[in-house]
Amino acid sequence: KTKKANVLFTLILLFIFIGDAITLLGIKDLLLIMVPFYISYLLTIVFLVADIQKVNYNFRNLFFSLMVLAVLSLMVYWILDIQTVDGQKLIIPFSIYGVTLSIMVTLSVYNYLSYKEIAGFYLLIGCGGCLVSDVFYFMYTEHFHLPILNYINAATHALTTIFLVKYMLKRRPAANLKNAS
């Protein structure tokens with residue numbers, strides 16, 4: 001069974017590919033590496049907001065999601081607090097990137113709690129994988145140049161892409177989402 005390609009999702013994968021290519025080329029400019037991934041996260045948030053707008057709001061799910069956001073925000077603060085002198089120059093872009101990533105994961109938690117469908121679970125794993133991958137990449141490049149951190153980053157990044165594709169394949173059309181909630 002074939003589906004029409006979703007242009008927005010294709011752009012997400014394209015920006016992930018561009019970010020991977022920049023990394024594989026050995027370019028060390030963190031800001032240049034962050035930009036394509038940041039754009040892919042913003043585009044993913046567009047999907048999440050579109051899905052969430054079609055659900056009846058649930059206070060318990062919202063409360064739990066806000067607790068997740070609080071924990072992730074605290075993690076962003078701790079990670080930014082251990083910046084090297086060179087990393088301090090990028091504190092504002094790192095902060096914006098971390099907050100955006102935290103919001104993306106929080107929205108995916110709310111999405112999954114609201115629908116409890118396999119597509120939402122795939123999206124939750126994909127967004128969580130983005131977070132884990134980026135944290136390990138940051139820790140590897142900025143602090144502890146241990147190869148295991150880079151391996152964990154690569155593995156979670158590959159799984160993240162797989163689960164984002166699985167989400168897109170299982171995602172219901174917007175008209176069906178409202179009926180499911």
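Residues numbered from 1 in each chain as written. Predicted model: local features only at pLDDT ≥ 70, side-chain atom pairs only at ≥ 80, totals over all residues. Heavy atoms only, no water.

Draft legend 1. How the structure looks around the pattern of salt bridges. Applying the stated criterion across every chain yields a total of one salt bridge. Across the pair Arg-171 and Asp-51 runs a salt bridge, and its minimum N-O distance is 2.7 Å. A residue pair is termed long-range when its members are at least 10 positions apart, and Arg-171 in the loop between helix H7 (147–170) and helix H8 (174–180) and Asp-51 in helix H2 (residues 30–52) qualify at 120 residues. You can call Arg-171 buried: its relative accessible area is 18%. (Salt bridge = Lys/Arg side-chain N within 4 Å of Asp/Glu carboxyl O. Helix = DSSP H or I, 4+ residues; strand = E, 2+ residues; numbered from the N terminus. Buried < 20%, exposed > 50% of the residue type's maximum accessible area, 1.4 Å probe, protein only.)

Draft legend 2. Looking closely at the layout of surface pockets. A volume near 580 Å³ is recorded for the largest pocket. The wall of the largest pocket is formed by 26 residues, among which Tyr-97, Ser-133, Asp-134, Tyr-137 and Phe-138 lie closest to the centre. Counting residues per element, the ones that place at least two in the lining of the largest pocket are helix H1 (7–24), H2, helix H3 (59–81), helix H5 (91–115), helix H6 (118–142) and H7. In terms of residue count, H6 provides more of the lining of the largest pocket than any other element does, seven residues in total. Of the residues in the lining of the largest pocket, the class split is 17 nonpolar, seven polar and two charged. (1 Å grid on protein atoms, 1.4 Å probe; cavity = no way out; pocket = protein on both sides within 12 Å on 5 of 7 lines; lining within 4 Å. Points joined across faces, edges and corners; volume = space filled by probe spheres on them. Nonpolar A, V, L, I, M, F, W, Y, C, P; charged D, E, K, R; others polar.)

Draft legend 3. Representation of empty space enclosed by the protein in the model. Going through the model one piece at a time under the given rule, you end up with three cavities of 30 Å³ or more. The space that makes up the second largest cavity amounts to roughly 40 Å³. Looking at the second largest cavity, the residues that line it are Ile-16, Phe-37, Tyr-41, Cys-130, His-157, Thr-160 and Thr-161. For the lining of the second largest cavity, the secondary structure elements donating two or more residues are H2 and H7. For the lining of the second largest cavity, the element with the highest residue contribution is H7, accounting for three residues. Residue composition of the lining of the second largest cavity, grouped by class: four nonpolar, three polar and no charged.

Draft legend 4. Spotlight on H2. The end-to-end C-alpha distance of H2, which contains 23 residues, comes to 32 Å, matching closely the 33 Å that a straight helix rising 1.5 Å per residue would cover. Sitting at the amino-terminal end of H2 is Asp-29, which places a side-chain oxygen 3.2 Å from the backbone nitrogen of Leu-31. (Expected span 1.5 Å × (residues − 1). Polar contact = N/O pair within 3.5 Å; in protein donor to acceptor, adjacent residues only side chain to side chain.)

Draft legend 5. Broad picture of the packing of aromatic side chains. Here the structure, examined in full by the defined rule, presents eight aromatic pairs. Ring centres of Phe-47 and Tyr-167 lie 6.3 Å apart, and the angle between their planes is 90°; on these two criteria the pair is classed as edge-to-face. Of this pair, Phe-47 sits in helix H2 while Tyr-167 is found in helix H7, placing the two residues 120 residues apart along the sequence. For the pair Phe-47 and Tyr-167, a shared accessibility class is recorded, and that class is buried. (Phe/Tyr/Trp six-rings, centres within 6.5 Å; stacked < 30°, edge-to-face > 60°.)

Draft legend 6. Molecular detail of the side chain of Ser-114. Mapping Ser-114 onto the fold places it in helix H5. The exposure class assigned to Ser-114 is buried, which follows from its relative accessible area of 14%. Here Tyr-110 takes part through its backbone oxygen, which lies 2.8 Å from a polar atom of the side chain of Ser-114.

Draft legend 7. Representation of the environment of Glu-117. Mapped onto the elements, Glu-117 comes out in the loop between H5 and H6. Using a relative accessible area of 17% as the deciding quantity, one classes Glu-117 as buried. Along the backbone, Glu-117 and Arg-172 are 55 residues apart, and their C-alpha atoms lie at a distance of 9.6 Å.

Draft legend 8. Spotlight on the environment of Ser-65. Residue position: Ser-65 is located in helix H3. Ser-65 gets classed as buried once you look at its relative accessible area, which sits at 2%. Counting along the chain gives 46 residues from Ser-65 to Asn-111, while the straight-line C-alpha distance between them is 9.3 Å. Residues in contact with Ser-65, not counting those within four places in the same chain, are Thr-106, Val-109, Tyr-110 and Leu-113. (Contact = heavy atoms within 4.5 Å.)

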